[in-house]
Amino acid sequence: MPEGNEVHRFRDRQAAIFTGRTVHADSPSGQFPDAVLLDGRKLRGIIAHGKHLGYDFGRDLILHVHLGRFGDFTEGTGSLAEPKGALRLRMWTQNKKQTDWLELRGPSDCSIYDQKKWERLMARLGPDPLEKGANPKPAFVTIAERKTPIGLLLMDQSVFSGIGNIYRAELLYRARLSPFRPGMDVEPKKVRAIWKDG
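Residue numbers here run from 1 along each chain, matching the order of that chain's written sequence. Where totals are concerned, whole chains, interfaces and linings use all residues; where local detail is concerned, this predicted model gives features only for residues with pLDDT of at least 70, and gives and counts side-chain atom pairs only at 80 or more. The basis for every side-chain value is the complete set of non-hydrogen atoms in the structure, without hydrogens or water.

### Quick look at the overall build of the protein chain
Then, number 1: Each helix is a run of DSSP H or I of at least 4 residues and each strand a run of E of at least 2, with the numbering of both proceeding from the N terminus. Scanning the protein chain from N- to C-terminus turns up seven helices and nine strands.
Then, number 2: Each residue is placed in one exposure class: buried if its accessible area under a 1.4 Å probe, protein chains only, is under 20% of its type's maximum, exposed if it is over 50%, and partly exposed if it falls in between. The burial tally for the protein chain puts 44% of its 198 residues in the buried class.
Then, number 3: Residue contacts follow a heavy-atom distance rule, with two residues in contact if any of their heavy atoms lie within 4.5 Å. Looking at the protein chain alone, contacts between residues at least 24 apart form 62% of all its contacts between residues at least 6 apart.
Then, number 4: All accessible-area figures derive from a Shrake-Rupley calculation using a 1.4 Å probe, and residue coverage is judged against the displayed protein chains alone. Carbon and sulfur atoms make up 50% of the accessible area of the protein chain, which totals about 10,700 Å².
Then, number 5: Computed over 32 positive and 24 negative side-chain charges, the separation of the two mean positions in the protein chain equals 3 Å. His is not counted, nor are the chain ends; Lys and Arg add positive charge and Asp and Glu add negative charge. A charge is said to be at NZ when it belongs to Lys, at CZ for Arg, at CG for Asp and at CD for Glu.

The following block contains the structure:
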């Protein structure tokens, strides 16, 4: 499953290509019939928070993508290839020089959100260590109050958003912490160090 760093990397790369441009979209597999709602619209921007991506097309039209365990993007330039496999969503944009495209296969979610639904999702998620200006204090309070092992708390997306098993293991190793230590027994300075290290 992609962790937050990879999700942010997808956001940065795709935003550089698609933001501010008119996008075409379809669903060759038929698994995402709402692709028609995106076709011909201008993409305002792409939001990355934890393991979630939000493609903002305005007018309460946000494409939500969660890659889950098996989701992945293929990106490229040039002519669109003949669709293969369970191609959930294809988006592309054209200018005089070339066609830029991306393909999405296997996500756990690919659906349209309105602004309220997006805000409800964001309210359920903890702060993202890769998001500039994110406030980690609510997560610090949660960890300090819980008997839950710190290894599980780091994977809880309502505590810190975007951390998966690989980064959890690396963060705990670098902090010299057992994943089984209760959150309430972890020194606050170590929790702050984990946040900065994330």
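### Observations concerning the nonpolar core
Then, number 1: Take the buried residues of types Ala, Val, Leu, Ile, Met, Phe, Trp, Tyr and Cys, join any two whose side-chain atoms come within 4.5 Å, and each joined set is a nonpolar core. Counting residues in each nonpolar core, the largest one holds 25 residues, and the members touching the most others are Leu53, Tyr55, Phe57, Leu63, Phe73, Leu89 and Met91.
Then, number 2: Among the elements that take part in this core, helix 1 (residues 4-18) stands out by supplying three residues, more than any other.
Then, number 3: In this view, Phe57 contacts Val23, Leu38, Arg41, Lys42, Leu43, Arg44, Leu63 and Met91; residues no more than four positions away in its chain are not counted.
Then, number 4: Within the second largest apolar cluster, 17 residues are counted, among which are Leu171, Leu177, Val191 and Trp195.

### Focus on unusual backbone geometry
Then, number 1: Positioned with a positive phi, Arg59 is a non-glycine residue whose angle comes to about 50 degrees.
Then, number 2: With respect to the helices and strands, Arg59 occurs in the loop between strand 4 (52-56) and strand 5 (62-66).
Then, number 3: A positive phi angle, near 55 degrees, is found at Arg176, a position not held by glycine.

### Section: helix 7 (residues 188-197)
Side chains that are three or four residues apart share a direction in an α-helix, a result of its 3.6 residues per turn.
Then, number 1: Turning to helix 7, its buried residues are Val191, Ile194 and Trp195. The buried side chains of helix 7 occupy one side of the element, clustering within an arc of 100 degrees when seen end-on. Among the exposed residues of helix 7, those oriented more than 90 degrees off its buried face are Lys189 and Lys196.
Then, number 2: Contact partners of the buried residues in helix 7: helix 4 (137-145), helix 5 (150-155) and helix 6 (165-175). As used here, the arc is the angular range of directions from the helix axis to the C-beta atoms.

### Points about the sheet that holds strand 2 (residues 41-42)
Then, number 1: The strand order 2-1-7-8-6 describes an open sheet built from five strands, whose pairing is antiparallel. Only two strands of the sheet have a single partner each, and these edge strands are strand 2 and strand 6 (72-77).
Then, number 2: Strand pairing follows a simple DSSP-based rule, namely that at least 2 bridges must link the two strands. Note: strand 7 (residues 87-94) against strand 8 (residues 99-105), seven bridges, orientation antiparallel. The residue bridging Met91 from the neighbouring strand is Leu102, located in strand 8.

### Description of the pairing of strand 1 (residues 22-26)
Then, number 1: With burial as the criterion, only one face of strand 1 is covered, namely that bearing Val23 and Ala25; the residues Thr22, His24 and Asp26 on the opposite face remain uncovered.
Then, number 2: Of the pairings in the sheet, the one linking strand 1 to strand 7 comprises three bridges and is antiparallel in character. By the bridge assignment for strand 7, His24 is matched with Trp92.

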